[in-house]
Structure formats: structure tokens, C-alpha cells
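Here is how the chains run, residue by residue.
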Amino acid sequence: MTNLSRLTSLLAWLTKIYSPEFQRWFAHDMLTLFELQCEEVRRRRGRIGLTAFAARTFASVTFFGIVDRLPALMAEVRVRRKREGPMSAFAHDLRQGVRTMTTSPAFAIIAILTLALGIAVNATIFSLVSTLLFSELPVGDPDRFVFLWGTNERAGENRSPLTLREVDELRKHSESFSGVSALLEGSFVLTDDQQDPARVIAFRVTEDFHDVWGIDTVVGRRFSSGDDRPGGPPVVILSHGFWDRRFGRDPGVIGQVLELDGEAHTVIGVLSPQIEYGSIANVDVWLPLGLDLQTALPGERGSFTTARLRTGVNVERSQLEVALIASRLEGEDPALYRGWGVRVSPIAEELLNEEDEALVLVTIFSVGLVLLIACANVANLFMARATSRSREVAVRLALGADRGRLVRQLMTEGLVLAIVAASLGLILARGLLGVLIVLSSDQQWIYRTADLDRHVLAFTLGISLLTPLVFALAPSLRASRTDVAQALRQGGRSGVGRASLRSRGFLVAAQVAMALSLMIVTGLLVRTAFHLRQLDLGFETDGLLTVEIRLPERDYGTEDSRRRFYEELIVRSAAIPGVTHAAVVSHLPLSLVGPARPFLVEGAGSEEEERPRAQFLIASPDYFDTLGVPLVGGRAFQDSDTAASPRVAIVNKKWTERYGTDGAPLGTRIRLAEEEGSPWVEVVGVVGDVIDVDIAEASGVKELSVPQVYLPLAQAPIARMSHVLRTEAHEATLAGAVRANIRAIDPDLVVVETRTMKEMSEEIYASSNPILVLFLVFAAFALLMASMGIYGVTSYAVSQREQEIGIRIALGASRHDVSRMIVRQGGRLVLAGGVCGLALAWLLGRLLAATLIGVSPVDPLTFLTVPVVLVLVAFLANYVPALRATRVDPITALRAE
């Protein structure tokens, strides 16, 4: 049978069993393939000595040898299609995808690692978000649970604790709430005979706390009204975590006695673990508040207050009622409550404040960009690989492969990569969460409680299914539209190659835009962290050792006994070799002194006017020299400032700026407004400002220093003070000597721990370290992927233009001209992406404005430095392929074509 008769019979057979579309494809593309086969043999016939007739005969035999087998092959395919269902086809595609990965291990490893890093950071951040959004809230029926905050627009306060008097008024007169519970935070030293002394964090709560929070005990009983009264029995309820850590979940703990600050407390219950959420998870013990308005300071704002809405009452209605109660209270005592109101806030609004919401939003957006950058890089790899496989795809199409099935096959290859990358990404995410805990010095609860739970696994599975749509769909569709004849003739080196180059160039420009925006955001955060670490704290942290002292009330119930203890301790500590100064203070810097207290200035307006507020501290005479706080004016405390001498005070510069009379506070007399009959004290000195807010979370704070008033130790000694020593030796070496001095004065006094001021400041900075490191990882990853994308596209462009470059060199173009041409081509991509990236960074900077301290959202240094770094990296990524282009041999390039 002749070749023509074979072809005619085959066409007739195809007419019977295949569609008109397939027949048209065969009539055009298969004949074209035959002509190409003939042309290929003619080109090579000179090398093997064939005549033209012999070459055509050889081509016919080889081509129609394949055609003779086509009917059998088609019958086999038809039978297999009937036998195999969709799942069998999918399983076949999966096997093919795995085989493809094993045949190209370098491509698979790079793609998997790239995607794994992107998925890992996304899974890590989503685990943190999942903790906020999906964790069980620590209250029953959270829709009716609200927080109550004090507000004062003139004072710039929107989230201040309430006074105990405000709590009492709300409990008595509010009809919108079924219960109002107050909570005060504190700490105690726990001592017993079996274990070492330990500091425990405590919450004092009102008796209705259990009903308001919807929390019960798992062992023992809850608080009763008899417990929550002034002078009530000393009882305590343990947190579930503390019960587990300290007592091994022993039910026999009920009825045991705990020594808290030397006072015996009977254990009556263990709280449900449900409440251990967020910072509340750090609480060890719960005690009754014993609300007593007679002894409480009326203007002191320290009550963390919650309430439960009655059924049928919404937040808006309750807000109107609490506003009326606050207004009535202001009318009764305008001096203390002028301008103060109460805000009702649902629990959903309390999970994140405005600054946190902005940071979380930017972080989520940034990790999304990281994943998109990874997908773009893998898409570039897929496009390059699709171009190299264009002849394979053309042959499969020529042999009858369905284009839709081909797309599914290529997409399945992407799915295999994504699933393997997701599995590796989850392992990396687990390790990254551990790194975040270490970086935060275990200070942030969210890193401890975050876990790769079912929500994170579902999220990662979703990413695994969706990412192939991002990085594999476009290359697969482009590959399926391959022109068979052209691909077989040129192997993808013309039209398909140029189209692929344009697509890859677009992806690289997008990578550059996203990388630049991430790098600028990271630069803004780094600049903020640098600014915070360069802040003048107002004192020198090096060489300071601190010891917290808690004198038990039973032994030190009088001011005279407390005064004698502190004075003897200071003398003993100052005599330790290497110690240059020793002092005591009621609150250390950076320890968040707490709400400011109202005071009166003698002769400064009517009693009815709103009263100024400042933080009040107690310090020994050598305190300012010990910390190195400068004396700006007047004098420091002296030994002559005794309990019998006139009352004196020292204020800081911030107090002078805000309340000083004509800028000259010396001689001004003030007294606490909360205490009836409190003595007037005269301002005798002015010292420098000391930062006393949480500088790691100071985004919502307008000023890092606040007005402060220092009172001398001799005139106001209290039971809880901090001992501070300045030493020229290593601070840790003095801890034993300090403990020995304390035991020498009082052998029964327990010292829990000694800490250096350097450690305290580093812990504050550590809380912001994880976010900073995350963004540094984002930026480094984005820069690496963008540079790889630029390098890959430029290298591909050089390979596509080898003939053109060879012709240019042959016609006299210098190698410098060639390299400049290649670098300029990559530079256009960087320029296009850079412009978009700057616009995106500007938007992200605006979102971050509330969290930046000392840095503008459009910080010129960041917006100039980061693009320069990106341009330098992009230049190197372009220059290497450009250098290779200058070494193209024109003769070799022209012969190859």
C-alpha cells in the first residue's frame, strides 16, 4: 500500500470515529508534521550521504510507520477512556506529576522550597490570627459581655480604668446590667515549707465575678457574698494552670493554707481553665476584692470593670444609662469627675485596639504579598519550563491529546508541588512559632497559645488548592495553546518565546512592586525600633541591680518600723564592695506606675475646677544619684527631711511644663485631692523626666513621660518598695550580698528575685522583636525572589536573542553596547515595578502610622534607601546574564540557527 493510500484510509477511519474538529486538526497539523519531517531529513541528508529521493522515502517510512500504528493506539485509548473514570484520570495525572518532579529534581526542589517558605509564614501568621478569632473566649455567652472604661476627652483618655466609687454607682443604679464586676491586679510572694518562695500574680474580684464572666470552679466552691466584704475571711481561688503547675492537680488542695505576703489564705476552689485566655492566662490566684469605699481613694482609677447585659438590652441602650450615671456623679463631685464619662465596649472590640488592628491588617496583607511573590516566582519557573517543554507539548497535541486534559495534567503537576510545599511549610511554621516565643522572651501570650490547630490546617489546605491556580494556571493555558507546527519547527524560540517573555516580565515587575513595598514597611518598623532603643530613658540602665521588697503587715504595720528597715538596708547595701549608691523607690522606671492621682495646687483656682493629675512616687534621698537622674533646679531630698520636718516634694520637668506657675515650680504647694486632710507639701526641686510607659507598646501614647511627684521616704514609707543599687562590678555578683543583708535585718523576710535594670529594659523591647523579625524575613524573602525573577527573565531573554546578539556583534556592536542593551531591558521592569511599589508602600505606611514612633509614614530616609538597595540588587541580577551575552560567539550563534 502506498503512502497516499495509507493516509486516505486513515482519514476515512478517523471520519467514522472522531469528531469534525479532530479531523480538521489531523488534516492540517498531521500533514504539516509530515512536511516538517521531510524538511528535517533534507537538512541532514548531506551529513549522511542521502539523495533527495532517498531522504523523502526515509521520511515517509518513518512518518507513516507511526501512522500505521495510530489505529491500534487510538483503539487502545478509546477502550481506556471507557474503562477509566474521572478519579482514575486524576490518579493518573498525580502519578504523572510525581514522575515529572523526579525527572526534574532541581526545578522541583527550588519550586517546593519557594512555596514552602511562603506557606510557612502564612500558616504562622494565620495561627496567631486564629488564636484571636477562633479561640474560645474566656466568658460564657460573650454576646452579652461588655467592658466599662472611663473616658475624658479633655484629658485625652478613652480607655481608663474606673474608680471604685464609679463601680459602686453602676452596681447600685444600673438597670441595663445583670451584674457589674470590678477587678484589681496585684501580686504576692507565696511561701510554704515544701517549695521555694515564688511571686504570684493575683486578681482581686468582686463576688459577682463568677456570674458576670460565666465562669465556675472545677474543684471547690466560688466566692460568696460573705467572702467579698471588708474584713472578710482570707480565702483564695487558684487558677487551673497554677493548680496544675504547683499542686499537680491534687483535689486535696481545697482547705490548704497559702502564705501570701505572710498572711494565711485558705484555698476554697480552682477556676475553670476556660478563663485562661490572653494575659489572664498569667494570673495565678484570685482573691475577693472586699469593696470598701471608706478606705478606697475616691479618685484613683485602677478598677478593671466588666458587666453582663440583661436579656433584651443592647449596647446602645446601656451606653445611654451609664452616661446618665456618670453625669450624675460629675454633678455630685465635679472636682474629681468633671469631664469623665463611662464607655460601654463589647468584647469583640477589646480583642484588638486600633493600633493593633492596623498592625495586624498590615501583617496579614504583607504575608499575602509574600505568598504572591512566591507564586510569581514559581510561575516564572513554570513558564520557563513550559517553553522548554513546548516540543513535548506539541507532540502530545499532534498525537491527539485533548487540550483540556493537557491543562489538567499541568495543573496537577502544580498541585503536587503545592501539597508537598504545604507539608514542608507546616513543619517550618511550627519551628517559626518556637522562634517567636524565644524572640519575645516568652513575654507575649499570643505566641505561647498559638497552635497549628484545625483552622490552620484547613487554611493551609486551602492555600495548597488555590496556589496552583495562581502560579500554574496561566503557564498551563499558554502551553495548551501551543501552535504545533511552529513549536515543532522552532522549539518555542520565536512567537511562543516572546509571549512567554512578556508574561514573565509582567510577573517580575509585580514581584519588584511587592518586594519594594515590603522592604519599605520593614524599613519603617526597623527605624521605629531603632528610635525606641535610642530614646533617652532619663537614666542609665547599666550597672543597676533591683530587688523588690515586700514588708508583711503583721511585722511592719507602722510607718516608723518600715522607715527603720529601709534606712538600715540602704546603709548596709552602700557598704558592699563595688556599690557606689543605694536607694529605695516605690516604683521603678519602666514598670508602669499606674493611673495618675488628682492633686490640688495652692491658690490655683476654685475647688470645683477639674483637678490636675500626676503620678506620685516615694524615694529615698540618694535615689536620683543612684539612677543618674539629673537635678534641674532646686535641691534633692536630704537627711533633714524627716517625718517631723515640713513636708516637701520634688517634681519632674513634665510636671513643671504642665502645671508649674510661670515655669517656676519651686515654692509651689500641692496636696493629694483624694485624701481628706492630707498635708500640703512644698516643691523644693525639679529633676529630669524618666520614661515610665511601655515603650514597646507606646503607639497609643502621645507622650512617653508623664508628670511625676516624688515624696521623701522618711515622710511616707510604704510596705512595698524596690531596692536599687548602682555598682561598678557585675550586677549579678551582688545578688547574694543583698540577700544576706536583708536576712541580717529580718531573717523571716523573703526575697523572691533580683533583677538588673538592663534585663527589665530588654524584656520590654523583646515584646516587639517577633514582629520586627517577621518583617525582616518578609523583606529578605521578597528581595531574594525578586532578584531571582529578574535574573531568570534576563537569562531567558538572552537565550532567546542569541541570534540577534550574534548578528549585532558581527555587524560591529561592542560588547559594552550589548551588555547595556540587556541591562536596560531588565531596568525597565524594575522601574515599572518600583513605581507601583512606592505607591503601595505609601498606602501601607499610612495604615501603620498609628504604630510608628518617631518616624513618619513617608520617612524620606526609608523611601530613598530601600529603592537604592533594590536597584543595586536588580543591577547585579541583570549584569550577570548581560555579561554572558557579551561572550556570545556570533559564528556559533548563527550556525545554531
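Rules used throughout
- Sequence order sets the numbering: in each chain, residues are counted from 1 along the sequence as written.
- For this predicted model, a pLDDT threshold of at least 70 governs which residues receive local features, and a threshold of 80 or more governs which side-chain atom pairs are given and counted, while totals over whole chains, interfaces and linings are taken from all residues.
- Calculation of side-chain values draws on the structure's entire complement of heavy atoms; hydrogens and water are dropped beforehand.
- Think of it this way: any DSSP run of H or I at least four residues long counts as a helix, any run of E at least two long counts as a strand, and we number them from the N terminus.
- Each residue's exposure class comes from its accessible area (1.4 Å probe, protein chains only) as a fraction of the maximum for that residue type: buried when under 20%, exposed when over 50%, partly exposed otherwise.
- Surface accessibility follows the Shrake-Rupley procedure with a 1.4 Å probe radius. Residue values consider only the protein chains on display as shielding.
- Strand pairing follows a simple DSSP-based rule, namely that at least 2 bridges must link the two strands.
- Throughout, a contact is declared for two residues whenever any of their heavy atoms are within 4.5 Å.
- This count recognises Lys and Arg as positive and Asp and Glu as negative, with His and chain-terminal groups excluded.
- Note on definitions: salt bridges are taken to be side-chain nitrogens of Lys or Arg within 4 Å of carboxyl oxygens of Asp or Glu.
- Two N or O atoms form a polar contact when they lie within 3.5 Å of each other; inside protein one atom must be a possible hydrogen donor and the other a possible acceptor, and for residues adjacent in sequence the pair counts only when both atoms belong to side chains.
- Pairing of aromatic rings covers Phe, Tyr and Trp, the last through its six-membered ring, and needs centres within 6.5 Å; plane angles under 30 degrees mean stacked, over 60 mean edge-to-face, and all others mean tilted.
- Inter-axis angles, ranging from 0 to 180 degrees, are taken between N-to-C directions of lines fitted to C-alpha atoms, where helices are fitted over the stretch in contact.
- Angle categories: roughly parallel below 35 degrees, roughly antiparallel above 145, roughly perpendicular from 65 to 115, and oblique for all the rest.
- With the far helix as reference, a near helix turned anticlockwise by less than a right angle produces a left-handed crossing, and one turned clockwise produces a right-handed crossing.
- Gly counts as polar in this scheme, as do all residues outside two lists: the nonpolar Ala, Val, Leu, Ile, Met, Phe, Trp, Tyr, Cys and Pro, and the charged Asp, Glu, Lys and Arg.
- Side-chain atoms within 4.5 Å are what join buried Ala, Val, Leu, Ile, Met, Phe, Trp, Tyr and Cys residues into a set we call a nonpolar core.
- Throughout, the arc means the angular range of directions from the helix axis out to the C-beta atoms.
- Expected helix span is computed as 1.5 Å times (number of residues minus one).
- Scored from 0 to 100, pLDDT records how confident the predictor is in each individual residue.
- Like-charged residues within 9 Å of one another, or nonpolar side chains (Val, Leu, Ile, Met, Phe, Trp, Tyr) within 5 Å, are grouped into patches, provided each residue has over 30% relative accessible area and no salt bridge.

Digging into the overall build of the protein
Then, in step 1: Secondary structure assignment for the protein yields 29 helices and 22 strands.
Then, in step 2: With 897 residues in all, the protein has 50% of them scored as buried.
Then, in step 3: Put simply, the protein shows about 41100 Å² of open surface, and 58% of that area lies on carbon and sulfur atoms.

A word on the environment of Ala 574
Then, in step 1: Residue placement: Ala 574 occurs in helix α20 (residues 559–574).
Then, in step 2: Each C-alpha atom of the pair Ala 574 and Leu 725 lies 7.9 Å from the other, and the pair is 151 residues apart in sequence.

Some points on the pairing of strand β12 (residues 544–550)
Then, in step 1: Taken across its seven residues, β12 has six buried, putting it largely inside the fold.
Then, in step 2: As paired elements, β12 and strand β22 (residues 754–756) share three bridges and run antiparallel to each other. Counterpart to Leu 545 in the pairing with β22 is Thr 756.

Here we look at the environment of Ser 678
Then, in step 1: Positionally, Ser 678 belongs in the loop between β18 (669–672) and β19 (681–687).
Then, in step 2: Among residues more than four places away in sequence, those in contact with Ser 678 are Arg 671 and Leu 672.

Quick look at the side chain of Arg 726
Then, in step 1: Mapping Arg 726 onto the fold places it in strand β21 (residues 720–727).
Then, in step 2: There is no salt bridge for the buried Arg 726, and the closest opposite charge comes from Glu 540, which lies 5.8 Å off by N-O distance.
Then, in step 3: Among the polar contacts made by the side chain of Arg 726, one reaches the main-chain carbonyl oxygen of Glu 540 at a distance of 3.1 Å.
Then, in step 4: Engagement of the side chain of Arg 726 in a polar contact is seen with the backbone oxygen of Thr 626, the distance being 2.9 Å.
Then, in step 5: The contacts of Arg 726, once residues within four sequence positions are left out, are Glu 540, Asp 542, Gly 543, Leu 544, Gly 578, Val 579, Thr 580, His 581, Thr 626, Leu 627 and Gly 628.

What about the pattern of salt bridges?
Then, in step 1: In the structure shown here, the tally under the stated rule is 20 salt bridges.
Then, in step 2: Of the charged contacts in the structure, one is a salt bridge between Arg 221 and Asp 227, with a shortest N-O distance of 2.9 Å.
Then, in step 3: Owing to a relative accessible area of 36%, Arg 221 belongs among the partly exposed residues under this scheme.
Then, in step 4: The exposure class assigned to Asp 227 is buried, which follows from its relative accessible area of 4%.

Comments concerning the packing of aromatic side chains
Then, in step 1: Across all of its chains, the model carries 20 aromatic pairs by this definition.
Then, in step 2: Ring centres of Phe 565 and Tyr 566 lie 5.6 Å apart, and the angle between their planes is 80°; this geometry places the pair in the edge-to-face category.
Then, in step 3: When its relative accessible area of 3% is taken as the criterion, Phe 565 is described as buried.
Then, in step 4: For the pair Phe 624 and Phe 637, a centre-to-centre distance of 6.2 Å together with 40° between the ring planes defines the contact as tilted. Taken together, the positions of Phe 624 in helix α21 (residues 623–627) and Phe 637 in the loop between β16 (631–634) and β17 (648–652) put the pair 13 residues apart, joining distant regions of the chain.

Digging into unusual backbone geometry
Then, in step 1: Not every positive phi belongs to a glycine, and Arg 249 is a case in point at roughly 60°.
Then, in step 2: Among the structural elements, Arg 249 can be located in the loop between α8 (240–247) and β7 (257–260).

Some thoughts on the packing of helix α6 (residues 164–173) against helix α9 (residues 315–332)
Then, in step 1: Close contact between α6 and α9 brings their axes to 10 Å; oriented N to C, the two are set at 125°. Taken together, α6 and α9 sit at an angle that is classed as oblique. Crossing geometry of α6 relative to α9 is assigned as right-handed. Residues Arg 165, Glu 166, Glu 169, Leu 170 and His 173 of α6 pack against Glu 321, Val 322, Ile 325, Arg 328, Leu 329 and Glu 332 of α9.
Then, in step 2: Here the residues of the contact of α6 with α9 sort into four nonpolar, one polar and six charged.

Focus: the side chain of Thr 114
Then, in step 1: Along the chain, the position of Thr 114 falls in helix α5 (residues 105–133).
Then, in step 2: Ignoring anything within four residues of it in the chain, the contact list for Thr 114 reads Ala 374, Asn 377, Val 378, Phe 781 and Met 785.

Some details on the packing of α20 against helix α23 (residues 735–745)
Then, in step 1: The geometry of α20 relative to α23 is characterised by a closest axis approach of 10 Å and an angle of 140° between their N-to-C directions. Between α20 and α23, the interaxial angle falls into the category oblique. Between α20 and α23 the crossing geometry is right-handed. Where α20 abuts α23, its residues Phe 565, Glu 568, Leu 569, Arg 572 and Ser 573 lie against Asn 741, Ile 742, Ala 744 and Ile 745.
Then, in step 2: By residue class, the composition of the contact of α20 with α23 is five nonpolar, two polar and two charged.

Focus on the pairing of strand β4 (residues 198–205)
Then, in step 1: Where strand β3 (residues 177–191) meets β4, eight bridges bridge the pair, whose relative direction is antiparallel. Along β4, the bridge assignment pairs Phe 188 with Val 200.
Then, in step 2: Sheet topology note: the β4/strand β9 (residues 285–288) ladder contains four bridges and is parallel. Across the sheet, Phe 203 pairs through a bridge with Trp 286, a residue of β9.

Some remarks on the environment of Pro 577
Then, in step 1: Note that Pro 577 resides in the loop between α20 and β13 (579–585).
Then, in step 2: Taking the C-alpha atoms as reference, Pro 577 lies 9.0 Å from Leu 734; in sequence the two are 157 residues apart.

Focus on the nonpolar core
Then, in step 1: The biggest cluster of nonpolar side chains holds 39 residues, and the ones touching the most others in it are Ile 549, Leu 551, Phe 565, Tyr 566, Val 709 and Ile 742.
Then, in step 2: Per-element accounting of this core gives the leading share, four residues, to α20.
Then, in step 3: When near neighbours in sequence (up to four residues on either side) are disregarded, Ile 549 contacts Phe 565, Tyr 566, Leu 569, Ala 719, Arg 720, Met 721, His 723, Ile 742 and Leu 749.
Then, in step 4: Judged by nonpolar contacts, the second largest core, of 38 residues, contains Ala 123, Val 362, Leu 369 and Ile 771.

Section: α23
Then, in step 1: What α23 keeps buried is the set Ala 735, Val 738, Asn 741, Ile 742 and Ile 745. One face of α23 carries all of its buried residues, which in axial projection span an arc of 125°.
Then, in step 2: The elements touched by buried residues of α23 are β12, α20, β21 and β22.

Notes on α9
Then, in step 1: Taking 1.5 Å of rise per residue, the 18 residues of α9 would be expected to cover 26 Å, and the 26 Å separating its terminal C-alpha atoms lies within 8% of that figure.
Then, in step 2: For α9, the complete set of buried residues consists of Ser 318, Glu 321, Val 322, Ile 325, Ala 326 and Leu 329. The buried residues of α9 all sit within an arc of 135° when viewed along its axis, so they share a single face. Among the exposed residues of α9, those pointing more than 90 degrees away from its buried face are Glu 316, Leu 320, Leu 324 and Gly 331.
Then, in step 3: If you follow the buried residues of α9, they end up packed against α6, β3, β10 (304–309), α10 (334–337) and β11 (341–346).

Details of the confidence of the model for the protein
Then, in step 1: The pLDDT averaged across the protein works out to 76; a share of 70% of its residues lies at or above 70.
Then, in step 2: pLDDT under 50 marks residues 491–496. Its contacts with residues more than four places away, or in other chains, come to 17 contacts.
Then, in step 3: Taken together, the stretch residues 695–702 has pLDDT below 50 and engages in 16 contacts with residues farther than four places along the chain or on a different chain.

What about a nonpolar patch on the surface?
Then, in step 1: Judged by side-chain polarity, Phe 875, Leu 876, Tyr 879 and Leu 883 come together as a nonpolar surface patch covering roughly 360 Å² of accessible area.
Then, in step 2: If you trace the backbone, Tyr 879 turns up in helix α28 (residues 860–885).
Then, in step 3: Looking at Tyr 879, the relative accessible area reads 36%, which means it is partly exposed.

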